[in-house]
Amino acid sequence: MASFAVMATADIWSIGLMIAVTLRISGLPRVWHCRKGNRHLQELAAHEKYAPSRPSRRSTPRAPPVFKGDEFYGLLDGGPEGGRSVQMERAPDAHAARRRVLDRAMPARDEAFRTINGLAGVFTDVIREQEGSTDTDRGKRVLEVDINQVASWYGFDLITALAFGQSLDLLRSDEYRWLPRCLQDASVFLYWAGFFRYALDLWRRFLGSKWPARLGMHTAVEAQRYADLADSQVYRRLDRLAREDEEKVTGITDAAAGTTDDSKDDEVGTRKKAIKRNDIFGHLLRANLYSRIDLRADSSLLIAAGSDAVRFTITATLFHWTTQSPPTSLARATAEVRTTSGLTPSTLTDAAVLGSPLRYLRACVDEAMRLNPPKPSSIPREVAPSSGMVIDGVVAPRAPPWPDPHFFRPERWLARPLDTRMVAAFCPFLKGPRACPGKTVAYLAVQLALFHLLYAFDVEAADEEAAEGSGGKVQGGRNDFAFNDWVIGYAQGLNIRFKPRM
Ligand code: HEM
């Protein structure tokens, strides 16, 4: 009897061991967490569990078996025909060659400013038009808005205006309002399926077939739908190309400018003119350097890269402003926007937005991105021993190079001299040759949206739930912005109260 018990225990133990080894080798737990969108939290937990006491490489989570810049992204960018976007070019030379073309196609700073400033005005108008209640104390209108939603419309409008010269106009019309959710679902598919490294080709063929619909695999169906949208944008742009060459202007819908009749309103007329700019695909198509399927892959990349990270950063900044207690950062940013900068929506310029007049606003945006990187999916990593570690000849300290790392403190970015280690450790846009080419556009987009919002409205958290509910968690004075990671961060609705000032 005793020997039976020993044998049974040994069997259970060895089965457990086999399961553990299989899970470790297959990487299935990682895929599971990717599907759930909490892989970043698992890594943080592993970091907190192992790093302080065990300075060993063995104690670190296994590095993901995927080089993200390669075929991984093909599941989203490549489409069924297997196009290659710029970020899929693995060879440094091939990547650098495409980056040179893309960097030249990016809008000049002042052009980007004019387009985005027009859309930031529409963003504010759309919030102003929401149905609201009346504040019984002060008699002001109160508009309670899911900022995630409106900011995502803004994000898609601005990237499609810049990339194709014609915004999809989600702010004004509901025709394409399915797109943010579609991209989110497609990103879920990319993120978990992409970690089956050896099945990527198979997945791609699967996406090119009717099987996702037959099997009812919603995220894969949405990945197909997103690829179709990215294709259609390139074809629409091509259709307009010849006409535009004759007219020497790029097209723009009236609705994207905020009206169908610009004679009504001079300000809107100016906006409309401002949105008529040269666009990224106009440039890429004229350069005629790549195959259509590669251009379609770049279309998919640009729409995804340029929209949701902007939405996420606007939302994260508003979350920290409205949940900080007391809301000193919001008060200081509001004062800068309305008075100390000396700026108004009509005197704004690109230099002012990106320069010292709005330095506190910029510090808030950087602080929100430091705490909540919009593209958090980490590259392979190791946890440093307590003494730090040397990477490529540079000493990386184990402790974060700033005090109170978990707290929202925009002031840390204004201290002079600025701690160079802090600047070095801050890289929401990545660093090096694969760093984000849209960084300037991104800062313009986020800061302009926030400027217009603070100028037009008094802003506050909608209710306790904004802090404690799906939007995030407040713990001991420390505000955690809760989000899922599916390549880009996705937070669930965050309601903000806007009270129009005029
Ligand atoms: C707050 C906003 C943004 C953040 C935080 C951000 C961050 C990043 C990061 C971290 C990467 C590298 C991703 C990786 O290799 O896995 C990246 C790549 C990229 N981003 Fe952004 N981005 C933002 C906005 C934009 C905008 C507005 C555009 C377009 C106008 C854009 C275009 C791109 C492109 C094309 C790449 C691929 C570059 C390459 O592989 O060479 N991004 N971005």
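Residues numbered from 1 in each chain as written. Predicted model: local features only at pLDDT ≥ 70, side-chain atom pairs only at ≥ 80, totals over all residues. Heavy atoms only, no water.

## With respect to the overall build of the protein chain
Worth spelling out the cut-off: Here a strand is any run of E in DSSP of at least two residues, a helix any run of H or I of at least four, and the numbering for each starts at the N terminus. Whether a residue is buried, partly exposed or exposed follows from its accessible area with a 1.4 Å probe, protein chains only, as a fraction of its type maximum: under 20%, in between, or over 50%, in that order. Residues count as neighbours in contact if any of their non-hydrogen atoms are within 4.5 Å of one another. Computed with the Shrake-Rupley method and a 1.4 Å probe, the accessible areas treat only the protein chains shown as cover for residues.
Helix and strand counts for the protein chain stand at 20 helices and 10 strands. A buried classification covers 51% of the 502 residues belonging to the protein chain. Contacts spanning at least 24 positions in sequence make up 76% of the contacts within the protein chain whose residues lie at least 6 apart. Carbon and sulfur atoms make up 56% of the accessible area of the protein chain, which amounts to about 23800 Å² in all.

## Some remarks on the pairing of strand E2 (residues 141-146)
Here is the rule: Here, strands pair whenever DSSP counts at least two bridges between them.
Both strand E1 (residues 133-134) and E2 contribute to a ladder of two bridges, which runs antiparallel. Of the residues in E2, the one forming a bridge with Thr134 is Arg141. Relative to strand E10 (residues 495-500), E2 is paired through four bridges, and the arrangement is antiparallel. Note that in E10 the partner of Asp146 across the bridge is Asn495.

## Concerning the site of the ligand
Threshold: A single heavy atom is enough: if one lies within 4 Å of a molecule or strand, its residue is considered near that molecule or strand. Whenever two N or O atoms come within 3.5 Å, that pair is a polar contact, provided that in protein one can donate a hydrogen and the other can accept it, and provided that, for residues adjacent in sequence, both atoms are side-chain atoms.
In the vicinity of the ligand, 24 residues are found, and the nearest of them are Tyr73, Gln87, His95, Arg99 and Cys436. One of the side-chain nitrogen or oxygen atoms of Arg99 is found 2.9 Å away from an oxygen atom of the ligand. A distance of 3.3 Å separates a nitrogen atom of the ligand from a polar atom in the side chain of Lys375. Broken down by secondary-structure element, the contributors of at least two residues to the shell around the ligand are helix H5 (92-105), helix H14 (292-323) and helix H19 (439-456).

## Quick notes on the nonpolar core
In plain terms, the rule: Put simply, a nonpolar core is a bunch of buried Ala, Val, Leu, Ile, Met, Phe, Trp, Tyr and Cys residues held in one set by side-chain atoms that sit within 4.5 Å of each other.
Formed by 125 residues in total, the largest nonpolar core has its most connected members in Phe123, Ile127, Tyr154, Phe189, Ile314, Trp321 and Phe498. Of the residues forming this core, the biggest block, 14 residues, is contributed by H19. Those residues in contact with Phe123, other than ones at most four positions away along the chain, are Ile147, Val150, Ala151, Tyr154, Leu171, Ile314, Ala449 and Leu453.

## Re the coordination of the iron atom of the ligand
The test is simple: Metal-coordinating donors are taken as N, O and S atoms lying within 2.8 Å of the metal, or within 3.2 Å when the metal is Na, K or Ca; because water is left out, some sites can appear incomplete.
For the iron atom of the ligand, the protein supplies a single donor, Cys436 (SG), at a distance of 2.3 Å. With respect to the helices and strands, the residue Cys436 is situated in the loop between helix H18 (420-425) and H19.

## Overview of helix H15 (residues 328-340)
For clarity, the threshold we go by: Each helix should span, by expectation, one fewer than its residue count multiplied by 1.5 Å.
For H15, spanning 13 residues, the distance from its first C-alpha to its last is only 16 Å, which falls clearly below the expected 18 Å at 1.5 Å a residue. At its buried positions, H15 is contacted by H14, helix H17 (359-371), H19 and strand E5 (457-461). Immediately beyond the C-terminal end of H15, within one or two residues, lies Gly342, with a positive phi of roughly 70 degrees.

## A look at the pattern of salt bridges
If the charged atoms of two oppositely charged side chains come close together, the side chains can form a pair. What counts is decided by this rule: Salt bridges are defined by distance alone: a side-chain nitrogen of Lys or Arg within 4 Å of a carboxyl oxygen of Asp or Glu.
In total, this model carries 27 salt bridges according to the counting rule given. With its nearest N and O atoms 3.3 Å apart, the salt bridge here joins Arg409 to Asp404. Within the structure, one salt-bridge network assembled from shared partners comprises Arg84, Glu89, Arg98, Asp294 and Asp298.

## Quick word on the pairing of E10
Looking at chain direction, E5 and E10 are connected through five bridges and run antiparallel. Looking across to E10, one finds that Val459 is bridged to Phe498.

## Remarks on the packing of helix H7 (residues 147-164) against helix H8 (residues 179-193)
This is how the line gets drawn: Angular values range over 0 to 180 degrees, each being the angle between N-to-C directions of two axes fitted as lines to C-alpha atoms, with helices fitted over their stretch in contact. Should an angle fall under 35 degrees it is taken as roughly parallel, and over 145 as roughly antiparallel, whereas 65 to 115 is taken as roughly perpendicular and any remaining angle as oblique.
Across the interface, H7 lies against H8 with an axial gap of 10 Å and an inter-helix angle of 85 degrees. In terms of axis orientation, H7 runs roughly perpendicular to H8. Listed contacts from H8 to Ser152, Trp153 and Phe156 of H7 are Leu179, Pro180 and Leu183.

## With respect to the sheet that holds E1
Pairing within the open sheet is antiparallel, and its four strands lie in the order E1-E2-E10-E5. A single partner strand is all that each edge strand has here, and the edge strands are E1 and E5. On top of the sheet, H7 reaches E2 and E10; it is set at about 70 degrees to E2, its chief contact. Relative to the sheet, H14 contacts E5 and E10, its axis offset from that of E5 by approximately 75 degrees.

## Focus on the side chain of Thr317
Relative to the elements of secondary structure, Thr317 occurs in helix H14. Of the polar contacts made by the side chain of Thr317, one reaches the backbone oxygen of Thr313; its length is 2.7 Å. Non-local contacts of Thr317, meaning those with residues more than four positions away in its chain, are made with Cys364, Val365, Ala368 and Leu450.

## A short note on the confidence of the model for the protein chain
Close inspection of predicted coordinates is inappropriate in any region flagged by low pLDDT. Under the convention used in this document: Each residue carries a pLDDT score, the predictor's confidence in it, ranging from 0 to 100.
Residues with a pLDDT of 70 or more make up 78% of the protein chain, whose mean pLDDT is 83. Confidence over residues 249-277 falls short of pLDDT 50; this stretch has 52 contacts with residues more than four positions distant or in other chains.

## What to know about the packing of aromatic side chains
The way to describe two aromatic rings as a pair is by their centre distance and the angle between their planes. Spelled out, the test is: We call Phe, Tyr and Trp rings a pair once their centres come within 6.5 Å, taking the six-membered ring for Trp, and we label the pair stacked below 30 degrees between planes, edge-to-face above 60, and tilted otherwise.
Under the defined criterion, the tally for this structure stands at 16 aromatic pairs. Aromatic side chains Phe189 and Trp203 sit 5.4 Å apart centroid to centroid with 85 degrees between the ring planes, which places their arrangement in the edge-to-face category. Of this pair, Phe189 sits in helix H8 while Trp203 sits in helix H9 (residues 200-207), and the two are 14 residues apart along the sequence. Pair check on accessibility: Phe189 and Trp203 agree, each one buried. Residues Trp192 and Trp203 carry aromatic rings whose centres are separated by 5.5 Å and whose planes lie at 85 degrees to one another, so their mutual orientation is edge-to-face. Here Trp192, found in helix H8, pairs with Trp203, found in helix H9; they are 11 residues apart in sequence, far enough to count as distant. Relative accessible area serves as the criterion here: at 14%, Trp192 is assigned to the buried category. A relative accessible area of 16% means that Trp203 is categorised as buried.

## Quick look at the packing of H15 against H19
Contact geometry of H15 with H19 gives a least axis separation of 9 Å together with a crossing angle of 90 degrees. Judged on the interaxial angle alone, H19 and H15 are roughly perpendicular. Facing Leu330, Ala333, Thr334, Val337 and Arg338 of H15, the residues of H19 in contact are Phe451, Leu454 and Tyr455.

## Points about the environment of Arg292
Mapped onto the secondary structure, Arg292 falls in helix H14. Residue classification places Arg292 among the partly exposed residues on the basis of a relative accessible area of 37%. Linking Arg292 and Arg338, residues 46 residues apart in sequence, is a C-alpha distance of 47 Å.

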